[in-house]
Amino acid sequence: MKITGVIAEYNPFHEGHAYHLRAARERSGCDYIVVCMAGSYTQRGAAACLSKWDRARMALMCGADAVFELPALFAVRTADAFAAGGVGVLAGLGIDALSFGCETDDPGLLARLAALREQEPPEMSERVKRNLGQGMAHARAWGTAAAERLGVPPELVNAPNAILAAEYVRAIGRTGAKPELCPVLRRGDYHGDQLDGGGFASATAIRAALSEGRRDAAREHIPEGVREILAAAGTMHAPDDLALCCLRQRTEAELAALPDVAEGLERRVKRCAETAAALEQVINAVKCKRYTRARLSRLIAHAMLGLTADLARRHPAPEYARLIGMRADARPLLSELKRRASLPIVSDPVALRADEVFQLECRATDLRALQCDDPSERAAGQEFTRKFVRV
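Report follows, based on the coordinates.

Among the 6 residues in strand β1 (residues 3-8), 6 count as buried, and that is most of the element. Residues Ile3, Gly5 and Ile7 point to one face of β1 and Thr4, Val6 and Ala8 to the other, with burial holding for every one of them. Note: β1 against strand β2 (residues 32-38), 6 bridges, orientation parallel. Within the sheet, the bridge partner assigned to Ile3 lies in β2 and is Tyr32. Assessed by its sense of winding, the connection that carries the chain from β1 through helix α1 (residues 15-28) to β2 is right-handed. One ladder, built from 3 bridges, connects β1 with strand β4 (residues 97-102); its direction is parallel. Counted as the bridge partner of Thr4 is Ala97 from β4.

Next comes the structure, spelled out in structure tokens:
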């Protein structure tokens with residue numbers, strides 16, 4: 001039996017994701033596809049636009065055979081932590097291949113890019129400094145220097161999925177696992193904000209349409225068989241006032257204890273939060289080339305969730321694999337995973353009640369619930385009341 005793993009957010013699941021699952025199955029020649037999916041919060045520091053159970057159902061109806069959860073401890077973090085969590089879960093399940101969408105389908109190039117991220121040569125570091133001196137943001141300065149060293153176009157290395165793919169390669173090296181790499185060339189603009197662009201519409205464009213009330217337009221870019229799941233999902237609002245209140249209530253020491261907070265960033269955030277009338281004013285006042293909007297959004301999410309650097313240090317790798325949904329005809333897969341797995345496979349959340357990593361998951365799901373407009377979706381404790389997904 002050959003098992004291919006996929007790491008995803010599916011925020012929301014769309015036609016491009018369905019294409020990737022088909023391509024991953026075809027190119028890897030696998031019998032089953034296992035997805036490790038972010039839960040209630042995503043890497044950009046925002047709540048997922050649909051519940052994890054809805055998104056898992058969409059994936060299972062469109063090509064996945066089982067969906068495991070990428071714990072929030074890793075999902076709401078930088079690319080290296082996100083990759084470490086996803087690869088950690090899938091390697092702990094014993095997958096044979098790892099497939100991902102990327103701007104290149106050359107595994108050799110990704111290996112070289114991963115090596116540069118693992119150990120940066122001194123001459124490249126000097127090039128990065130020169131790029132920074134020319135006004136580039138750090139990510140672009142590094143990407144441009146890496147592209148020059150690798151002899152590839154800068155837009156390839158600066159693409160978000162190429163960087164994430166390189167982090168997958170790094171994470172694989174640290175686990176000692178040796179899955180076959182099966183990159184699938186991306187079609188469409190990852191961050192494109194137009195639904196009518198070339199190729200598949202991006203999740204960014206679909207979320208924008210949903211937030212603007214253009215639900216019918218968004219549905220056109222969702223696989224036909226799962227459009228009703230999107231139609232039935234309630235609308236959401238941003239938790240701006242709640243987030244601003246949280247930043248005001250946190251002390252500087254508490255903000256400094258969050259992941260990736262250094263160089264006095266906690267003082268800048270605290271000072272701005274105390275005088276700003278809206279969360280957006282805090283972000284605009286603090287963001288710069290070094291502190292990007294994405295980094296600040298994650299900081300805010302960490303503050304709201306209580307995700308501290310100490311918690312992350314105590315749990316550097318996943319310690320369980322939580323199964324949240326599977327296809328009824330995939331029972332042989334589950335038996336095989338139980339035979340291979342080095343991590344405990346858990347489907348009953350009660351078994352995780354005392355686990356501090358899962359307690360963070362509960363906080364993330366409860367916080368997302370407060371952003372739902374439908375009163376019936378705002379109850380706490382949904383980790384224990386929502387049913388396991390069977391398709």
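Resuming the write-up.
Our focus in this paragraph is the layout of surface pockets. Gaps between atoms show up when a probe of the same size as a water molecule is rolled over them. The calculated volume of the second largest pocket comes to roughly 410 Å³. Considering the residues around the second largest pocket, the lining is formed by 20 residues, among which Phe74, Ala81, Ala84, Pro316 and Ala317 are closest to the centre. For the lining of the second largest pocket, the elements supplying multiple residues, two or more each, are α4 (79-93), α9 (160-175) and α18 (309-314). Of the residues in the lining of the second largest pocket, the class split is 11 nonpolar, 4 polar and 5 charged.

The next subject is the packing of helix α5 (residues 107-118) against helix α7 (residues 138-150). Interhelical geometry of α5 versus α7 gives an angle of 125 degrees and a closest axis separation of 11 Å. Judged by the angle between their axes, α5 and α7 are oblique. In this structure, α5 crosses over α7, and the sense of that crossing is right-handed. When α5 is examined against α7, the residues Leu109, Arg112, Leu113, Leu116 and Arg117 are found in contact with a partner set consisting of Trp142, Ala146, Arg149 and Leu150.

A separate point is the pattern of salt bridges. With the rule as written, the count across this model stands at 25 salt bridges. Here Arg127 and Glu148 are joined by a salt bridge, their closest N and O atoms 3.5 Å apart. Residue Arg127 is located in helix α6 (residues 122-133), and its partner Glu148 is located in helix α7; the two are separated by 21 residues in the primary sequence. Glu383 is paired through a salt bridge with Arg322; the nearest N and O atoms lie 2.7 Å apart. Here Glu383, found in helix α21 (residues 382-385), pairs with Arg322, found in strand β6 (residues 321-326); they are 61 residues apart in sequence, far enough to count as distant.

Take helix α10 (residues 203-211) next. Regarding α10, the residues found buried are Ala203, Ala205, Ile206, Arg207, Ala209 and Leu210. Against α11 (215-219) and α12 (227-232) lie the buried residues of α10. Positive phi appears at Gly213, one or two residues downstream of α10, with a value of about 80 degrees.

With that out of the way, let us pick up the state of the cysteines. Under the defined criterion, the tally for this structure stands at 0 disulfides. Take Cys49: it sits in no disulfide, and the sulfur closest to it among the cysteines is that of Cys372, at 11 Å. Summary of cysteine pairing: Cys62 is not part of a disulfide, and the nearest cysteine sulfur, belonging to Cys49, is at 15 Å. Assessed through its relative accessible area of 15%, Cys62 is described here as buried.

Okay, the pairing of β6 next. When you tally the buried positions in β6, you get 6 out of 6 residues, the bulk of the element. The pairing of strand β3 (residues 66-70) with β6 spans 3 bridges and is antiparallel. Residue pairing for β6: Phe68 is matched across the bridge by Leu323. As paired elements, β6 and strand β7 (residues 345-346) share 2 bridges and run parallel to each other. Among the inter-strand pairings, Arg322 is bridged to a residue of β7, identified as Val346. In this view, the connection linking β6 to its parallel neighbour β7 by way of helix α19 (residues 331-340) has right-handed handedness. Relative to strand β8 (residues 389-390), β6 runs parallel, the two being bridged by 2 bridges. Residue Met326 lies in a different strand from β8, and its bridge partner there is Arg390.

Attention shifts here to the nonpolar core. In terms of nonpolar packing, the biggest core is built from 96 residues, with Val34, Phe68, Leu98, Trp142, Val157, Tyr168 and Leu247 touching the most fellow members. The element contributing the most residues to this core is α9, with 9 residues. Beyond its immediate sequence surroundings of up to four residues, Leu98 is in contact with Gly5, Val6, Ile7, Val87, Leu90, Tyr168, Ile172, Pro179, Glu180, Leu181 and Cys182. One finds Cys49, Ala64, Val67 and Leu195 within the second-largest nonpolar core, a separate group that totals 35 residues.

Moving on, we come to unusual backbone geometry. A cis amide bond, omega 0 degrees, links Asn11 with the succeeding residue Pro12. Note on placement: Pro12 falls in the loop between β1 and α1. Notably, Asp260 is not glycine yet its phi reads approximately 65 degrees, a positive angle. With respect to the helices and strands, the residue Asp260 is situated in the loop between α14 (252-256) and α15 (265-275). Positive phi, close to 60 degrees, is recorded for Glu263, a residue that is not glycine. Its place among the elements puts Glu263 in the loop between α14 and α15.

The rules behind each value
- Residues numbered from 1 in each chain as written.
- Predicted model: local features only at pLDDT ≥ 70, side-chain atom pairs only at ≥ 80, totals over all residues.
- Heavy atoms only, no water.
- Buried < 20%, exposed > 50% of the residue type's maximum accessible area, 1.4 Å probe, protein only.
- Helix = DSSP H or I, 4+ residues; strand = E, 2+ residues; numbered from the N terminus.
- Pairing = 2+ DSSP bridges.
- Right-handed = clockwise from strand over helix to strand, strands pointing away.
- 1 Å grid on protein atoms, 1.4 Å probe; cavity = no way out; pocket = protein on both sides within 12 Å on 5 of 7 lines; lining within 4 Å.
- Points joined across faces, edges and corners; volume = space filled by probe spheres on them.
- Nonpolar A, V, L, I, M, F, W, Y, C, P; charged D, E, K, R; others polar.
- Axes fitted to C-alpha atoms, helices over the stretch in contact; angles between N-to-C directions.
- Parallel < 35°, antiparallel > 145°, perpendicular 65-115°, else oblique.
- Left-handed = near helix turned anticlockwise from the far one by under 90°.
- Contact = heavy atoms within 4.5 Å.
- Salt bridge = Lys/Arg side-chain N within 4 Å of Asp/Glu carboxyl O.
- Disulfide = S-S within 2.5 Å.
- Core = buried A, V, L, I, M, F, W, Y, C linked by side-chain atoms within 4.5 Å.

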